[in-house]
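What follows is the residue order along each chain.
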Amino acid sequence: MFKEIQAQLQSHQHLLAVSKLQPLEKVELLFQQGQIHFGENYIQEALEKIKLINNPHLKWHLIGSLQSNKVKFLQKNFEYIHAVDSMKIARLISENAQKINYVQKVFIQINISNEVTKSGFSIDEFEELWPQLASLAHLKIVGLMTMPPLQNEAEQNRQIFRKLKTLADKYHLKELSMGTSHDYKVALSEGSTWIRLGTILFGERTK
Ligand SMILES: *Cc1c(COP(=O)(O)O)cnc(C)c1O
């Protein structure tokens, strides 16, 4: 599946292999096949994997939402953080990065469908807070991320992905983190630059 998916990517589109709740051996196997970027949801699990794999050639992304009391654990472990979902967490990440002399690359998570259960900025909040977000010295905001309702059919997400791209274009943000195993083809056709794939690459997650 890995090679088939790679073949669907244009040069500006990347595959993020979501390795949460997957065993180390599967991560190492995919790395040997040429995959560099791996995504984890839970910081504790991520830090354990990073330590055990102990290979500077793998690039790690944190894709799950981050609690304020965990920010101090980020250090320089993550190339990208995908789910910056509040002004407060954005500020904390920037302050923490400043202390360690790091510029943290991030995506801002947008709740396009305005679900009450989902985290992220609404489009209006994002537009209102953009000047404050953009002024955080130790964050490099590379793009926007979204996670549509899990129960949606892939085609239902097309409008959501399209709205995310329109918003990103307006603010000259190049990267779009959108698309998971079941809707990545739709996401790619709507301009995704980072598809986040777990089960389709690794199989079902172990609990
Ligand atoms: C788990 C997860 C994924 C991967 O989902 P799959 O359906 O396994 O491809 C992608 N993005 C986020 C934010 C996730 O939590």
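Throughout what follows, the structure given in this document is the object of discussion. (Residues numbered from 1 in each chain as written. Predicted model: local features only at pLDDT ≥ 70, side-chain atom pairs only at ≥ 80, totals over all residues. Heavy atoms only, no water.)

**Focus: the overall build of the chain**
Now for step 1: Helix and strand counts for the chain stand at eight helices and eight strands.
Now for step 2: Seen along its three principal axes, the alpha-carbon backbone of the chain occupies a region of about 45 × 40 × 30 Å.
Now for step 3: Across the chain, the fraction of contacts at a sequence separation of at least 24, relative to all contacts at a separation of at least 6, is 59%.
Now for step 4: Accessible surface, the chain as shown: approximately 10,400 Å² in total, 51% of it carbon and sulfur.
Now for step 5: Between the mean site of the 25 positive side-chain charges and the mean site of the 21 negative ones, the chain shows a separation of 4 Å. (Helix = DSSP H or I, 4+ residues; strand = E, 2+ residues; numbered from the N terminus. Contact = heavy atoms within 4.5 Å. Areas by Shrake-Rupley, 256 points an atom, 1.4 Å probe, with all protein chains shown as cover. Lys, Arg positive; Asp, Glu negative; His and termini not counted. Charge placed at Lys NZ, Arg CZ, Asp CG, Glu CD.)

**Focus: the site of the ligand**
Now for step 1: Residues in contact with the ligand amount to 13 residues; listed here are only the nearest, Lys20, Asn41, Ser181, Gly198 and Arg205.
Now for step 2: Here an oxygen atom of the ligand and a side-chain polar atom of lysine 20 are 2.7 Å apart.
Now for step 3: In the model, an oxygen atom of the ligand is placed 2.8 Å from a nitrogen or oxygen of the arginine 205 side chain.
Now for step 4: Contact with the protein chains removes 87% of the 390 Å² of surface that the ligand exposes when unbound.
Now for step 5: Along the lines of polarity and charge, the residues of the shell around the ligand split into five nonpolar, five polar and three charged. (Near = heavy atom within 4 Å. Polar contact = N/O pair within 3.5 Å; in protein donor to acceptor, adjacent residues only side chain to side chain. Nonpolar A, V, L, I, M, F, W, Y, C, P; charged D, E, K, R; others polar.)

**As for the pattern of salt bridges**
Now for step 1: If you walk through the whole model with that rule in mind, you get eight salt bridges.
Now for step 2: Across the pair glutamate 45 and lysine 49 runs a salt bridge, and its minimum N-O distance is 2.7 Å. With glutamate 45 and lysine 49 both in helix α3 (residues 43-53) and four residues apart, the pair spans about one turn of that helix.
Now for step 3: Of the residues examined, lysine 49 reaches a relative accessible area of 6% and is grouped as buried. (Salt bridge = Lys/Arg side-chain N within 4 Å of Asp/Glu carboxyl O. Buried < 20%, exposed > 50% of the residue type's maximum accessible area, 1.4 Å probe, protein only.)

**Side note on the packing of aromatic side chains**
Now for step 1: Applying the stated criterion across every chain, the model contains six aromatic pairs.
Now for step 2: Where phenylalanine 126 meets tryptophan 130, the ring centres are 5.5 Å apart and the plane angle is 50°; that geometry is what we call tilted. Note that phenylalanine 126 and tryptophan 130 are positioned in helix α5 (residues 123-134) at a spacing of four residues, about one turn of the helix.
Now for step 3: With 5.2 Å between their ring centres and 85° between their planes, phenylalanine 126 and tyrosine 171 make a pair best called edge-to-face. Within this pair, whereas phenylalanine 126 is found in helix α5, its partner tyrosine 171 is found in the loop between α6 (158-170) and β7 (175-177), the two being separated by 45 residues in sequence. (Phe/Tyr/Trp six-rings, centres within 6.5 Å; stacked < 30°, edge-to-face > 60°.)

**Remarks on the nonpolar core**
Now for step 1: Core analysis: the biggest nonpolar cluster contains 57 residues, and Phe78, Ile108, Phe126 and Leu144 have the highest contact counts within it.
Now for step 2: Setting aside residues up to four positions removed in sequence, phenylalanine 126 forms contacts with Ile108, Ile110, Phe121, Leu133, Leu144, Leu167, Tyr171 and Leu173.
Now for step 3: Formed by nine residues, the second largest nonpolar core is a distinct cluster that contains Ile63, Tyr80, Ala83 and Trp194. (Core = buried A, V, L, I, M, F, W, Y, C linked by side-chain atoms within 4.5 Å.)

**What about the pairing of strand β5 (residues 104-109)?**
Now for step 1: In terms of burial, β5 is largely enclosed, as five of its six residues are buried.
Now for step 2: Where strand β4 (residues 80-84) meets β5, three bridges bridge the pair, whose relative direction is parallel. By the bridge assignment for β5, tyrosine 80 is matched with lysine 105.
Now for step 3: Between the parallel elements β4 and β5, the chain passes through helix α4 (residues 87-99) in a crossover that is right-handed.
Now for step 4: One ladder, built from six bridges, connects β5 with strand β6 (residues 139-145); its direction is parallel. (Pairing = 2+ DSSP bridges. Right-handed = clockwise from strand over helix to strand, strands pointing away.)

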